[in-house]
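Observations on the three-dimensional arrangement
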Amino acid sequence: MNFLSYPGFLSTPNDIGTDNRYIFRSGQNFQRAYASANEDPDLVNMVLLSSGNLIAAGAYTSQQLQPVLIGLSPEGNLLWQRGMNPPLQQNNAFSAFKMLALPNGNALVLFVNLNTVMLPPVFIQAKVLIAEVSAADGTFVWQRYLGDEDAPVVYNDAVLLADGILLTGYVSKQYSLAKISYQGDLIWQKNFSGPDPSEAYRLGGLITNSQGEIYAVGKEYFTKAFSLHKFDSAGNPIWSQRYKLAAPEDNRIFFEVNIALSADQQPVLWGTSADPGPVNSRVFLLEINRADGQVLQSKRWGIPGQAPPGFTVLDSIFCPGECLRFRLDTVFSDVNYVWTFEGGTPSKFSGQEPLPVCFQQAGMFNVRVNIEGCSAFSDSILSIGYKSLLVPNAFTPNGDGLNDLFKPIIRCPTVTYLLRVYNRWGQRVFETADAGAGWDGRFEGAAQPSDLYVWTVEISDVREEGVVLQSLRGDVTLLR
């Protein structure tokens, strides 16, 4: 399977300068910082023009993400800088999501509401702004809004044709394909529903072949599938195929799905899928038959757990001298996990579920687990200290054997202990020095009413510096 490839690439600028500067990096050639009069400028996209100049786009993040454009020479010198003020659309955060070099030396820019990229279109009321940006000074040669308040419209991918510009996206909850002229005039727009009209759909990745046929990747919200759609040069559907790589019981979801053409003009799809959570990522690649959309080849790479393996600490209070238990959130039998416990005994463990790990000293200690042979890891900071009480905030003394007593849970070793409970008038209704005893909701033999009660605890424990006395206070609700 051979792919047609572009002979080079540009890195994307994506740093925010704390001193109000754009930080721009590009491959091996130059690195530049450009002063900005506004706070928190951020550059996230760029395009290389036929002249060798560049246009970079971003936003002023402290000003409701107002778009900003800058022009650069091939050497990285700043030619011009232009901010869009006021914002392109009220109460919307716009970004230059797609930028293309036009044949006349200018740039085509699709300004898209950032929320529309993350949320299904059923939740979004938005337009998309399409503009030709002058390479000379960043002004708009022409601009066109698509969409209205009643029909959310977003186009976030485009390709240049000999006789116009092809756009993919969505209208309301429908797939949408459109074509505009090089002056921004709408030539045609084709919208169609997915298999379930109640679901939300959009077209994403886009490519055309030498015969003018169009392929677009279909994205489906709230499903575990994606699709590929073939159109003729006028946007009329030829075929549509839906691909669901996950088994019915698999929660696998799909991230960005990309499209290209192989050397023999077959469409090729690739992307990443994963179960929700930190593990089990996969990279997949599909070669598709251009005649009917059937899969010719399917490849998948990755092993379970190449993403950070999550883990849970099974204990809630960490006292000096106590041993804690740890458990992986997801376990795969063919993966070896390596644990390290700073300040713990043992300090290392290889396997799925470590033995209880004991921490003798107070302090902040790091626990880490990673997959053997991989750089992916998860870690957590444990606070080993002398907060020796877990105190419930409510109890129900109704004799059912559940939560019948108000009793703080003592975990760390103590020297002395004294618990008192008071009603809202300050009358003491319970007192004990027995750490195993609790209040049953009675005072002088009479059941007390449902209400909020105040408790105090005086407790002392042995630390490195000696015996330390603490006085604690809180409240508990009695429920009947």
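Report follows, based on the coordinates. Fair warning: this is a prediction, and the values are worked out from it, not measured in the lab. (Residues numbered from 1 in each chain as written. Predicted model: local features only at pLDDT ≥ 70, side-chain atom pairs only at ≥ 80, totals over all residues. Heavy atoms only, no water.)

Okay, the environment of leucine 43 next. If you trace the backbone, leucine 43 turns up in strand 4 (residues 41-48). Among the residues examined, leucine 43 registers a relative accessible area of 1% and is labelled buried. Taking the C-alpha atoms as reference, leucine 43 lies 9.1 Å from isoleucine 70; in sequence the two are 27 residues apart. (Helix = DSSP H or I, 4+ residues; strand = E, 2+ residues; numbered from the N terminus. Buried < 20%, exposed > 50% of the residue type's maximum accessible area, 1.4 Å probe, protein only.)

Another aspect to go through is the nonpolar core. If you look at soluble globular proteins, the nonpolar side chains tend to sit buried side by side. One finds Leu108, Ile130, Leu146, Tyr155, Ile165 and Leu167 to be the most contacted residues of the largest nonpolar core, which totals 19 residues. Those residues in contact with leucine 167, other than ones at most four positions away along the chain, are Leu110, Ile130, Leu146, Tyr155, Asp157, Ala158, Ser176, Leu177, Ala178, Ile180 and Leu206. Listed in part, the 17 residues of the second largest apolar core include Phe326, Phe341, Val369 and Leu382. (Core = buried A, V, L, I, M, F, W, Y, C linked by side-chain atoms within 4.5 Å. Contact = heavy atoms within 4.5 Å.)

Here we take up the pattern of salt bridges. Across all of its chains, the model carries 7 salt bridges by this definition. Salt-bridge contacts for aspartate 157 lead to lysine 98; the nearest nitrogen and oxygen are separated by 3.1 Å. One end of the pair, aspartate 157, is in strand 12 (residues 153-161); the other, lysine 98, is in strand 8 (residues 94-101), with 59 residues separating them in the sequence. The exposure class of aspartate 157 is buried, given its relative accessible area of 12%. The salt bridge involving arginine 428 is made with glutamate 431; its shortest N-O contact spans 3.1 Å. The partly exposed category is assigned to arginine 428, whose relative accessible area is 42%. Overall, the relative accessible area of 39% leaves glutamate 431 in the partly exposed class. (Salt bridge = Lys/Arg side-chain N within 4 Å of Asp/Glu carboxyl O.)

Counted according to the given criterion, the structure contains 1 disulfide. There is a disulfide in this structure between cysteine 323 and cysteine 358, and the S-S distance comes to 1.8 Å. For the disulfide bridge between cysteine 323 and cysteine 358, the dihedral angle about the S-S bond is near 85°, and by the sign convention the bridge is right-handed. Here cysteine 323, found in strand 25 (residues 322-324), pairs with cysteine 358, found in strand 30 (residues 357-359); they are 35 residues apart in sequence, far enough to count as distant. Since its relative accessible area comes to 31%, cysteine 323 is described here as partly exposed. (Disulfide = S-S within 2.5 Å.)

With that settled, the discussion passes to the side chain of arginine 420. Take arginine 420: it is sitting in strand 36 (residues 416-422). Among the polar contacts listed, one links the side chain of arginine 420 to the side chain of glutamate 431, at a separation of 3.3 Å. If we ignore the near neighbours within four places in the chain, the residues touching arginine 420 are Arg428, Phe430, Glu431, Val454, Trp455, Thr456 and Glu458. (Polar contact = N/O pair within 3.5 Å; in protein donor to acceptor, adjacent residues only side chain to side chain.)

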